[in-house]
Structure formats: structure tokens, C-alpha cells
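# Architecture at a glance
One letter stands for each residue in the lines below.
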Amino acid sequence: MSAEADDGLEGFDTTIHAPNRLRVCALLDTAGEAEFGLVQKRLDLSASVLSKHVTVLMDVGYVEQRKAVRDTRQRVWLRLTGRGRDAYRGHLAALRAIVGPSDPGL
């Protein structure tokens, strides 16, 4: 990671950077916890595409799932872990550092 820090990219996370994973993290950061079907609907993704991205995020410890029966059907709830929230917010800070400060006069 020292190479990333030298490049001014400290906090940049290639796992989160993929557009759909970034969107999942953004939604979960705001919502706290969300049912899989709601995430799928809000992000307009197929269940299989969302599942693949959630699996990647779970494999690195950024997202965890909770299963529960609701309305006689098993539901899956997703949430960012503490590590995932830190990684997501660090990634946002790195993106802001890359694009620099906003200057409406430019």
C-alpha cells in the first residue's frame, strides 16, 4: 500500500471502485441495513449481478448479511461492516483528493 500512499491515493479501494459495488456501499452507508430485494430494486440490478457484487464485498469483509423469515419467506438483509464503512469513506476521500477541490470559478 505504500505505493498507493506515494501516489496520493491513500484510501483508494479497487474493490469498492467498481461502479455497482460503489453504489451498493453508498446505499448501505446511508440506509444502515437494507433488504436484498430493495437494494436490487433501487440499483436496478438483476439478482444475479447484485449477488456477485455482494459476494465480492462479503469476501473482503465489507458487507455482512442477515437472514430472517418475514411474511413466510426468507429474506436477506445487507449492511456494511465497520471495516466496510471505513473503507467506503476512505475511498470517497481518495476520490475527492484525485479530483481536487471544487472551484465554481473554473
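Check the entry above for the structure.
Overview of the structure. Because the structure is a prediction, the values reported are computed rather than measured. Counting restarts for each chain: residues are numbered from 1 in the order of the written sequence. Given that the model is predicted, a residue must reach a pLDDT of at least 70 before its local features are reported, and side-chain atom pairs must reach 80 or more before they are shown or counted; all residues, however, enter totals for whole chains, interfaces and linings. With hydrogens and water stripped out, all remaining heavy atoms of the structure feed into the side-chain values.

## Concerning the overall build of the chain
Helix and strand definitions here come from DSSP, where helices need a minimum of 4 consecutive H or I residues and strands a minimum of 2 consecutive E residues; each element is numbered from the N-terminal end. From N to C terminus, the chain includes six helices and three strands. The linear arrangement of helices and strands in the chain, starting from the amino end, is α-α-α-β-α-α-β-β-α. Of all intrachain contacts in the chain linking residues separated by at least 6 positions in sequence, the fraction that spans at least 24 positions is 54%. When the accessible surface of the chain is split by element, carbon and sulfur atoms take 51% of a total near 6800 Å². In this description, contact between two residues means that some pair of their heavy atoms is separated by no more than 4.5 Å. For accessible areas, the Shrake-Rupley method is used with a probe of radius 1.4 Å. Any residue's cover is judged against the shown protein chains and nothing else.

## Here we look at the pattern of salt bridges
The working definition used for a salt bridge is a side-chain nitrogen of Lys or Arg within 4 Å of a carboxyl oxygen of Asp or Glu. With the rule as written, the count across this model stands at four salt bridges. Between Asp29 and Arg85 there is a salt bridge whose closest N-O contact spans 2.6 Å. Of this pair, Asp29 sits in helix H3 (residues 19-31) while Arg85 sits in helix H6 (residues 82-99), and the two are 56 residues apart along the sequence. For the salt bridge of Arg89 with Asp29, the shortest nitrogen-to-oxygen distance reads 2.9 Å. Separated by 60 residues along the polypeptide, Arg89 in helix H6 and Asp29 in helix H3 bring together distant segments of the chain. Through salt bridges that share partners, Asp29, Arg85 and Arg89 make up one connected network.

## Description of the pairing of strand S3 (residues 73-80)
Sheet topology places strand S1 (residues 34-35) next to S3; two bridges connect them, and they run antiparallel. Counterpart to Ala34 in the pairing with S3 is Leu78. Two strands form a pair only when DSSP identifies at least two bridges running between them. In this sheet, S3 lies alongside strand S2 (residues 63-70) in antiparallel orientation, the contact comprising eight bridges. From the neighbouring strand, Lys67 faces S3, where its bridge partner is Val76. Counting the residues that bridge the hairpin from S2 to S3 gives two residues, and of these Asp71 lies at a positive phi of roughly 55°.

## Remarks on the side chain of Asp13
Within the element layout of this structure, Asp13 appears in the loop between helix H1 (2-6) and helix H2 (14-17). Arg83 is the oppositely charged side chain nearest to the buried, salt-bridge-free Asp13, at an N-O distance of 7.1 Å. Pairing of N or O atoms within 3.5 Å defines a polar contact, subject to two protein rules: one partner must be a possible hydrogen donor and the other a possible acceptor, and residues neighboring in sequence count only if both atoms are side-chain atoms. A distance of 3.2 Å separates a polar atom in the side chain of Asp13 from the backbone nitrogen of Ile16. Ignoring anything within four residues of it in the chain, the contact list for Asp13 reads Tyr62, Ala87 and His91. Here the term buried applies to any residue with accessible area under 20% of the maximum for its type, exposed to any over 50%, and partly exposed to those in between, with areas from a 1.4 Å probe on protein chains only. Charge assignment: positive for Lys and Arg, negative for Asp and Glu; neither His nor the chain ends contribute.

## Comments concerning the packing of H3 against helix H4 (residues 36-43)
Where H3 meets H4, the axes come as close as 11 Å, and the angle between the chain directions of the two elements is 120°. Judged on the interaxial angle alone, H4 and H3 are oblique. For the crossing formed where H3 meets H4, the hand is right-handed. Between H3 and H4, the contacting residues are Arg23, Val24, Leu27 and Leu28 on the first element and Val39, Arg42 and Leu43 on the second. Nonpolar residues are Ala, Val, Leu, Ile, Met, Phe, Trp, Tyr, Cys and Pro. Charged residues are Asp, Glu, Lys and Arg, and all others, Gly as well, are polar. Taken together, the residues of the contact of H3 with H4 sort by class into five nonpolar, no polar and two charged. Interaxial angles span 0 to 180 degrees and are taken between N-to-C directions of axes, which are lines fitted to C-alpha atoms, for helices over the stretch in contact. Note that the term roughly parallel is reserved for angles under 35 degrees, roughly antiparallel for angles over 145, roughly perpendicular for angles of 65 to 115, and oblique for everything else. Should the near helix be turned anticlockwise from the far one by less than a right angle, the crossing is termed left-handed; should it be turned clockwise, right-handed.

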